[in-house]
Amino acid sequence: MAGCVFCGIVAGEVPAFRVIDEPDGVAFLDTRPVFKGHVLVVPRTHLVTLADLPPESLADYFGLVQRLAIAVEAGLGAGGTFVAMNNKVSQSVPHLHTHVVPRTKGDGLRGFFWPRTRYANDADATDYADRIRAALKAVV
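Residues numbered from 1 in each chain as written. Predicted model: local features only at pLDDT ≥ 70, side-chain atom pairs only at ≥ 80, totals over all residues. Heavy atoms only, no water.

Draft legend 1. Expanded view of the packing of aromatic side chains. Enumeration according to the criterion identifies three aromatic pairs in this entry. Measuring from centroid to centroid gives 5.1 Å for tyrosine 61 and phenylalanine 62, while their planes differ by 85°, and the two rings are edge-to-face. Here tyrosine 61 falls in the buried class, since its relative accessible area comes to 1%. Look at phenylalanine 62 and you get partly exposed, because its relative accessible area is 31%. A cation over a ring is seen here: arginine 131 above tyrosine 128, with NZ or CZ 4.8 Å from the ring centre. (Phe/Tyr/Trp six-rings, centres within 6.5 Å; stacked < 30°, edge-to-face > 60°. Buried < 20%, exposed > 50% of the residue type's maximum accessible area, 1.4 Å probe, protein only. Lys NZ or Arg CZ within 6 Å of the ring centre and 35° of its normal.)

In structure tokens:
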């Protein structure tokens with residue numbers, strides 16, 4: 001969809017630190033991560049909310065989200081992950097997306113207060129994307 005930044009990323013027209021690009025979706029680092037390694041997973045087609053995702057796509061899309069949750073934890077040595085999705089309210093980009101955020105005990109994340117951080121530079125972001133991508137290879 002014209003003007004949608006996530007559609008631009010899927011099409012390769014907008015730069016992003018991609019973690020994976022496959023038929024079921026594209027995952028890339030959030031540019032304003034809650035914690036470094038925070039990944040956004042989007043379907044390839046422009047859909048606004050979860051209600052718009054066709055039932056026949058649920059298993060494949062959430063299978064990709066599941067694999068990324070496993071890879072974020074393994075690749076970054078996180079204690080777990082926080083997986084979330086906004087529909088309309090607080091949805092900063094009107095394109096369905098799922099947040100996969102690395103968590104560690106005592107990381108300070110409380111409820112829905114999402115502090116944001118930044119990568120030091122492109123090399124720092126690339127390192128996080130590479131680590132998650134490498135861990136994805138081990139996830140079946």
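Draft legend 2. Structural view of the pairing of strand S2 (residues 25-29). Burial of S2 is extensive: five of the five residues sit out of reach of the surface. Residues of S2 alternate between two faces, with Gly25, Ala27 and Leu29 on one and Val26 and Phe28 on the opposite face, all of them buried. Inspection of the sheet shows strand S1 (residues 18-22) paired to S2 by four bridges, in the antiparallel sense. Looking at S2, one finds that arginine 18 is bridged to phenylalanine 28. From the end of S1 to the start of S2, which pair antiparallel, there are two residues. (Helix = DSSP H or I, 4+ residues; strand = E, 2+ residues; numbered from the N terminus. Pairing = 2+ DSSP bridges.)

Draft legend 3. Geometry of the sheet that holds S1. Here five strands make up an open sheet; going across it, the order is S1-S2-S3-S5-S4 and the pairing antiparallel. Edge positions in the open sheet fall to S1 and strand S4 (80-84), since each of these has one partner strand only. Each strand axis lies, on average, 15° off the axis of its neighbour in the sheet, ignoring direction. When S4 meets strand S5 (residues 98-103), the two strands line up antiparallel, connected through five bridges. The partner of phenylalanine 82 across the bridge, within S5, is valine 101. Across the sheet, helix H2 (residues 58-76) touches S1, S2, strand S3 (39-42), S4 and S5, and the angle it forms with S5 is around 20°. On the sheet, helix H3 (residues 122-136) packs against S1, S2 and S3 and is oriented at approximately 45° with respect to S1. (Axes fitted to C-alpha atoms, helices over the stretch in contact; angles between N-to-C directions. Contact = heavy atoms within 4.5 Å.)

Draft legend 4. Layout of the environment of glycine 12. Along the polypeptide, glycine 12 turns up in the loop between helix H1 (5-11) and S1. Counting along the chain gives 71 residues from glycine 12 to valine 83, while the straight-line C-alpha distance between them is 25 Å.

Draft legend 5. Representation of H2. Relative to the 27 Å expected for 19 residues at 1.5 Å per residue, H2 spans 27 Å between its end C-alpha atoms, a close match to the ideal helical length. Listed as buried for H2 are Tyr61, Leu64, Val65, Leu68, Ala69, Ala71, Val72, Gly75 and Leu76. Each element contacted by the buried residues of H2 is listed here: S1, S2, S3, S4, S5 and H3. Looking at the residues trailing H2, positive phi occurs at glycine 77, about 65°. (Expected span 1.5 Å × (residues − 1).)

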